[in-house]
Amino acid sequence: MSRFTWQSVLFLAPAVITLLLFAYWPLLQDVWLSFHSWNMVSPTMKFVGLQNYLQLLSSGELIKILLNTILYILVLVCVNFILPYLLSFIIAHRLNRFSFFYRSALFIPSTVSLAVASILFLWILNPLAGPLNIILSAIGLESPRWFKESGLVIIIIGLIIGWKVFGYNLILLVAAMVDVPKELIEAARLENVSNWQLFRRIIVPMTSSTALYVFVITVVFGLQYVLVPVNMLTQGGPDQGSTNLVYIVYQYGFVFFQTGKASAFAIVTMLLYALFLIVKTKVLDKKVHYEN
Amino acid sequence: MKKITQLVVLLCIGAFTILALGCGNSQNTSSKTPSKVMIEYWHVNAESFGGPSVKQLVEQFNKENPDIEVVEKYNPDMYKGLTQNLQAAMASGKNPDVVQMGYSYLNYAGENLKYASIPDIITKLSPEDNSYLQDNFLPNVLALATTDDGKQIGIPYSVSVPVLYYNPDVFKQAGLDPNQPPRTWQEVTQYAKTIKEKTGIMGFFMQEYADNWAQQALIESNGGQILAKKDGRTMAGFDTPEASEAYQVLADMVKNGNGLHATNEEAFQAFLSGKLGMVCTTIGKRDNFEKSAKFTVMAAQFPSFEGKTRRLPAGGNLLMIFSQDPDKQKAAWRFVKFLESPGALALWSKGTGYLPPRKGVTEDPQGLKDFAEQNKNMQVAMSQMPEVVKWASFPGANGLQAEQALIDVRDIILSGKQSAADALKQAAAKINSML
């Protein structure tokens, strides 16, 4: 018995040590930083207690950031979860030909880096010289200032992230869709079940475990991907219209050099993520069908 | 196997010989020139940003001055990275000797870093240079390296100023004379309107980087201020009629559809592809614009307000000395003087796009005479040197956040959500609560 424990500890050690060293230790340091005022250059750090948190909660900024974050999540869920879910159903069960072509064509964009996608969209959407503007002006419309209108800018950045994430999520979902037993579907067909009923009663329950996973990564990773396009294209503008919980941490830390407030924001962000995952475990997991 | 052993032995012998020779060499040199002074030069110039010019300058100096050996050291992450490294180095007693410091770090450096004062070094160690600073630099340029409490902590080295670039082809299409660019903001407004009406091309754009550099030029050229001193405290100074009037000029152009409100990249790209008439941005973009545009890019002086003097904030860096030992201080001063010599400055300007801070470099045949004669745009930028002022930096731990508040206000004003006067007033209140 003791030998067994000893061995298992040894096997776990590399993973556990790495995790402690690179995930939990920085987390503790972050908590420590959030009680200090420091500019990353000065040799002295000042202890300020809860002041960073109080300032963060009392500023009007937080509400704007939270609303933006929710808007981002809505856009990301639409573009990177609902849309690929419907498409994967079509590709797996409604297409008789060219399914391989569609799968590859839709996956290829996710191999392009986000920075490249950002620049690509910047060119396409250029309000004076971009191809979209040429099309719009041909039909007598004026191009909006995509990156300078609040609200619109979040949708555009959501689309840029979609460029990166969509294909990957689609492949995962297609795999799940293909896994649905053919007999079930054929049996349903024999009973003359409508497409909608097929989708609602068979496909959705049978793919729910993968769907939940894709939903979670859409939200958790999607929000982190926001950093690249925001930092490259808008720097949180216009008037903080494209900032969110993840970018604000970067901005306070590496633009304003206020590590205390950045860390406080990071802790708040982490708590909200934790809340999201608790809701997911308590509520959503129960509605999901796991095969084993 | 045998062959490999032989090879290893051979290599070892070779290494020993080189080592022995090396020792012999260094003994030789140290006996010949016992006082070869080693100094370190810290800079922020990556390969794509003037790095090769730094190396070339150091090499040239070391060749011309056999008694001094300058070692250059690149510091990543611009002046923040450099300042961090500097503080770490000084804590362990190993300070560099000559350092590039960004203008935005001027007061921080003056208050927190143990630098060697250049005027003191001159009086003590190099009295023949007593009038060097006054003779070679304009007073307003010298002031770029003077802290708020009046200490000359270094010497200005790199300077950039805003200019007005325009597309002469668009001007001609609109029936405007490319040799008569707009001189005042009133004219800019008219030109932008004419361009839009005659050609359908967007008229004007002012840079919208994540700073207020060009907007400071606009506000201060109308007699406004970014910062004001009240009872010894630094406060927001831009909630004045002069400032809002100047900002409103931009907002009105955007509102009337003759001015562009977009990201920098979008606007520059539109300008380079001929879809935008005028762009107001830094002379640092000159080389890039001239090389990428399909037309001849022309530059005019930053427009002024009728009857008022222009005040243009300088971007760039100053040189500071950190040596403590008198021998090193003297060597560092000689190196600084070399970097500030017309020939070295000319090389620096061509390699980076910065303007030389010193008087007379443009007229000096050793300096930029040929280059400036060929490049009219460079001449235009250099003619603005007498109007250079300090780039306002918000003081204190919340300074950079305060700057962001002023950046946010730009979006509010240019999107037409609020008038410049209202928006600036609110921003001033917000910033004053931060400072």
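Residues numbered from 1 in each chain as written. Chains lettered and ligands numbered in written order. Predicted model: local features only at pLDDT ≥ 70, side-chain atom pairs only at ≥ 80, totals over all residues. Heavy atoms only, no water.

With an unreviewed UniProt entry as reference, chain B is termed Carbohydrate ABC transporter substrate-binding protein, CUT1 family, source organism Pelosinus propionicus DSM 13327.

As annotated in an unreviewed UniProt entry, chain A carries the name Carbohydrate ABC transporter membrane protein 1, CUT1 family and is attributed to Pelosinus propionicus DSM 13327. Looking at the Sequence similarities (unreviewed entry) heading of the UniProt record, one finds this comment for chain A: "Belongs to the binding-protein-dependent transport system permease family." (UniProt positions renumbered as here; feature names shortened; annotations may be inferred.)

## Things to note about the overall build of chain A
Counting its regular elements, chain A contains 13 helices and two strands. Overall, the C-alpha framework of chain A stretches about 80 × 75 × 30 Å when taken along its three principal axes. Among the 292 residues that make up chain A, the fraction classed as buried is 41%. Sequence-distant contacts in chain A: of pairs separated by 6 or more residues, those separated by 24 or more amount to 72%. Positive and negative side-chain charges in chain A, numbering 18 and 11 respectively, have mean positions lying 3 Å apart. (Helix = DSSP H or I, 4+ residues; strand = E, 2+ residues; numbered from the N terminus. Buried < 20%, exposed > 50% of the residue type's maximum accessible area, 1.4 Å probe, protein only. Contact = heavy atoms within 4.5 Å. Lys, Arg positive; Asp, Glu negative; His and termini not counted. Charge placed at Lys NZ, Arg CZ, Asp CG, Glu CD.)

## Thoughts on the overall build of chain B
Scanning chain B for helices and strands turns up 19 helices and 13 strands. Projected onto the principal axes, the alpha-carbon positions of chain B cover approximately 80 × 55 × 50 Å. By the burial criterion, 54% of the 435 residues in chain B qualify as buried. For chain B, contacts bridging at least 24 residues in sequence account for 74% of all contacts bridging at least 6. Within the structure as shown, chain B displays about 19300 Å² of accessible surface, and the carbon and sulfur contribution to it stands at 54%. Computing the positive centroid from 43 side-chain charges and the negative centroid from 45, chain B places the two 4 Å apart. (Areas by Shrake-Rupley, 256 points an atom, 1.4 Å probe, with all protein chains shown as cover.)

## Structural notes on the interface of chain B and chain A
Contacts between the two partners involve 32 residues from chain B, matched on the other side by 29 residues from chain A. With both sides pooled, the region where chain B packs onto chain A buries about 2600 Å², and carbon together with sulfur makes up 56% of that total. Residues Glu208 of chain B and Lys148 of chain A are paired through a salt bridge, measuring 3.0 Å at the closest nitrogen-oxygen approach. It is helix H18 (residues 399-414) of chain B that provides the largest number of residues to the side of chain B that touches chain A, a total of seven residues. Here the side of chain B that touches chain A is composed, by residue class, of 13 nonpolar, 11 polar and eight charged. (Buried area = accessible area lost by both parts, 1.4 Å probe. Salt bridge = Lys/Arg side-chain N within 4 Å of Asp/Glu carboxyl O. Nonpolar A, V, L, I, M, F, W, Y, C, P; charged D, E, K, R; others polar.)

## As for the packing of aromatic side chains
Residue and element names in this part refer to chain B. This model, assessed by the stated rule, comprises 35 aromatic pairs over all chains. Ring centres of Phe335 and Phe338 lie 6.4 Å apart, and the angle between their planes is 20 degrees; on these two criteria the pair is classed as stacked. Of the two residues, Phe335 and Phe338 both sit in helix H14 (residues 326-339), three residues apart, roughly one turn of that helix. Here Phe335 and Phe338 have matching classes, each one buried. (Phe/Tyr/Trp six-rings, centres within 6.5 Å; stacked < 30°, edge-to-face > 60°.)

## A closer look at the UniProt feature "transmembrane region" (unreviewed entry) in chain A
The UniProt record annotates "transmembrane region" (unreviewed entry) at residues 9-28, 70-92, 104-125, 152-178, 198-223 and 262-279 of chain A. Taken end to end, residues 152-178 of chain A is 100% helix and 0% strand, and its first and last C-alpha atoms sit 36 Å apart.

## A closer look at the domain arrangement of chain B
Residues and elements named next belong to chain B. Splitting chain B by domain gives domain 1 (37-159 + 315-384) and domain 2 (162-313 + 394-433). Between the C-alpha centres of domain 1 and domain 2 the distance comes to 30 Å. Each partner contributes to the interface: domain 1 provides 12 residues, whereas domain 2 provides 17 residues. Surface buried jointly by domain 1 and domain 2 totals about 1000 Å² across both partners, of which 48% is contributed by carbon and sulfur atoms. For domain 1, the biggest contributors to the area lost against domain 2 are Asn377, Val380 and Gln384; these three give 51% of the whole. Put simply, domain 1 and domain 2 have zero salt bridges between them. Linking domain 1 to domain 2 there are seven residue pairs in polar contact (both at pLDDT 80 or more). (Domains from an automatic or database assignment. Polar contact = N/O pair within 3.5 Å; in protein donor to acceptor, adjacent residues only side chain to side chain.)

## As for the pairing of strand E1 (residues 37-43) of chain B
Side chains on a regular strand alternate between the two faces of the sheet. Residues and elements named next belong to chain B. By the criterion of burial, E1 is predominantly enclosed, with five of the seven residues buried. Where E1 lies against strand E2 (residues 68-74), seven bridges are found, and the strand directions are parallel. Bridging across to E2, Met38 finds its partner in Glu69. Note that E1 and strand E3 (residues 98-102) share two bridges and pair parallel. Bridging from a neighbouring strand, Trp42 pairs with Val99 of E3. (Pairing = 2+ DSSP bridges.)

## Details of the pairing of strand E9 (residues 276-282) of chain B
Residue and element names in this part refer to chain B. With seven of seven residues buried, E9 is to be regarded as a mostly interior element. The pairing of strand E5 (residues 162-166) with E9 spans five bridges and is classified as antiparallel. Bridge pairing links Val163 to Thr281 in E9. Bridge count between strand E6 (residues 202-206) and E9: four bridges; the pairing is parallel. Counterpart to Phe205 in the pairing with E9 is Val279.

## What to know about the sheet that holds E3 of chain B
Residues and elements named next belong to chain B. The strand order across the open sheet built from five strands is E2-E1-E3-E12-E4, with neighbouring strands paired in mixed fashion. In the strand order of this sheet, the two ends are held by E2 and strand E4 (155-160), each with one partner. Within the sheet, the average angular offset between the axes of one strand and its neighbour, ignoring direction, is 20 degrees. Summarising the sheet, E3 and strand E12 (residues 315-321) pair through five bridges and their orientation is antiparallel. (Axes fitted to C-alpha atoms, helices over the stretch in contact; angles between N-to-C directions.)

## Some thoughts on helix H3 (residues 61-94) of chain A
Here H3 of chain A is 34 residues long and its end C-alpha atoms lie 47 Å apart, about the 50 Å a rise of 1.5 Å per residue gives. Remark: the principal bend of H3 of chain A, roughly 35 degrees, maps to Val77 of chain A. (Expected span 1.5 Å × (residues − 1). Bend = angle between axes of the 7 residues up to and from the residue.)

## Comments concerning the nonpolar core
Across soluble globular proteins, nonpolar side chains have a tendency to be buried as a group. Residues and elements named next belong to chain B. If you look at the biggest cluster of nonpolar residues, it comprises 94 residues, and the most contacted ones within it are Tyr41, Met101, Phe271, Leu276, Trp333, Phe335 and Leu355. Among the elements that take part in this core, H14 stands out by supplying seven residues, more than any other. Here this core spans two domains, and each of domain 1 (37-159 + 315-384) and domain 2 (162-313 + 394-433) adds at least three residues to it. Counting residues in hydrophobic clusters, the runner-up holds 52 residues, among them Ile219, Tyr247, Phe302 and Ala402. (Core = buried A, V, L, I, M, F, W, Y, C linked by side-chain atoms within 4.5 Å.)

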